[in-house]
Amino acid sequence: MEKITDDVIRKTIESTIIETFDAMMSMTLESIDDSDGVDLEDEKSMVGAIHFGGEVVGVMSFRLTEAFARATTAAMLGIQAEEIKSIEEIYDVIGELANIVAGNLKTEFLDVGLTCVISTPSITSGSDFKIDPVDIAPPVKFSFRRQEDVVRVELCAREEIGAKEDIMSDLS
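Predicted model, so just to flag it, every value in this text is computed and none were measured.

> Please give an account of unusual backbone geometry that cites residues and values.
Positive phi outside glycine occurs at Ser26, with the angle close to 50°. Tracing the backbone shows Ser26 in the loop between helix 1 (6-25) and strand 1 (30-32). One non-glycine residue, Gln147, lies in positive phi territory at about 55°. Take Gln147: it is sitting in the loop between strand 6 (140-146) and strand 7 (149-159).

> Lay out the packing of aromatic side chains with the relevant residues and their values.
Applying the stated criterion to the full structure yields three aromatic pairs. Summarising the aromatic geometry, the rings of Phe21 and Phe68 are spaced 6.1 Å apart at their centres and angled 25° between planes, so their arrangement reads as stacked. A residue pair is termed long-range when its members are at least 10 positions apart, and Phe21 in helix 1 and Phe68 in helix 2 (residues 66-77) qualify at 47 residues. No difference in accessibility class separates Phe21 from Phe68, as the two residues are buried. An aromatic cluster is built from Phe21, Phe62 and Phe68, whose rings are joined through pairwise contacts.

> Just give me the short version of the nonpolar core, but keep the residues and values in it.
Grouped together as the largest cluster of nonpolar side chains are 37 residues, with contacts concentrated most on Phe21, Met60 and Phe62. With ten residues, helix 3 (residues 87-111) is the single largest residue contributor to this core. When sequence neighbours within four positions are dropped, the list of residues in contact with Phe62 reads Ile17, Phe21, Met46, Val47, Gly48, Ile94, Leu97, Ala98, Val151, Arg152 and Val153.

> Provide a residue-level description of the packing of helix 1 against helix 2, including the pertinent values.
Interaxial distance between helix 1 and helix 2 falls to 8 Å at its minimum, and their mutual angle equals 55°. One way to sum up the angle between helix 1 and helix 2 is to call them oblique. Contacts between helix 1 and helix 2 pair Phe21, Met24 and Met25 from the former with Phe68, Thr72, Ala75 and Met76 from the latter. Tallied by class, residues from the contact of helix 1 with helix 2 come to six nonpolar, one polar and no charged.

> Provide a residue-level description of the packing of helix 2 against helix 3, including the pertinent values.
Two elements in contact, helix 2 and helix 3, have axes whose closest approach is 9 Å; the angle formed by their N-to-C orientations is 85°. The angle between helix 2 and helix 3 falls in the class roughly perpendicular. Residues Ala69, Arg70, Thr72, Thr73, Met76 and Leu77 of helix 2 touch helix 3, and the partners they reach there are Glu89, Ile90, Val93, Ile94, Glu96 and Leu97. Class assignment of the residues belonging to the contact of helix 2 with helix 3 gives a composition of seven nonpolar, two polar and three charged.

Conventions we followed
Residues numbered from 1 in each chain as written. Predicted model: local features only at pLDDT ≥ 70, side-chain atom pairs only at ≥ 80, totals over all residues. Heavy atoms only, no water. Helix = DSSP H or I, 4+ residues; strand = E, 2+ residues; numbered from the N terminus. Phe/Tyr/Trp six-rings, centres within 6.5 Å; stacked < 30°, edge-to-face > 60°. Buried < 20%, exposed > 50% of the residue type's maximum accessible area, 1.4 Å probe, protein only. Core = buried A, V, L, I, M, F, W, Y, C linked by side-chain atoms within 4.5 Å. Contact = heavy atoms within 4.5 Å. Axes fitted to C-alpha atoms, helices over the stretch in contact; angles between N-to-C directions. Parallel < 35°, antiparallel > 145°, perpendicular 65-115°, else oblique. Nonpolar A, V, L, I, M, F, W, Y, C, P; charged D, E, K, R; others polar.

Below is the structure:
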């Protein structure tokens, strides 16, 4: 993307994930090199995906294993994992975390003059699936570790200059 650099995107995602997990769940995550062989696609996992539209088009996905999603939900709600009443509670937390990351990215885009909107999160769970954003842009991947647990954020986005007028007419 031209108006916003990969470095800004990386810093935004890293600070959002690390600070959010620390503040909301008292969990310490560290950024790890994505090439360290961590593969979440073969494990039972959950993904929160949010789409961008406007002068930035694309999709951001937030993936973690089902076990870590359960632990994260319990920590966020201040309960024990066995006290989680339904899968919907886990979906709500995954959607909220995806929304926090996408919302902070949207703020960065707006700060450089790129008007965009974000969708509500969609949640997918299971094993052996892949979120494929159909040639929007090459994916930029970020991974974080807490002990043996991993969170992966993937962003496929590009600038779509000139879409501002379409957004403004849709919002009015």
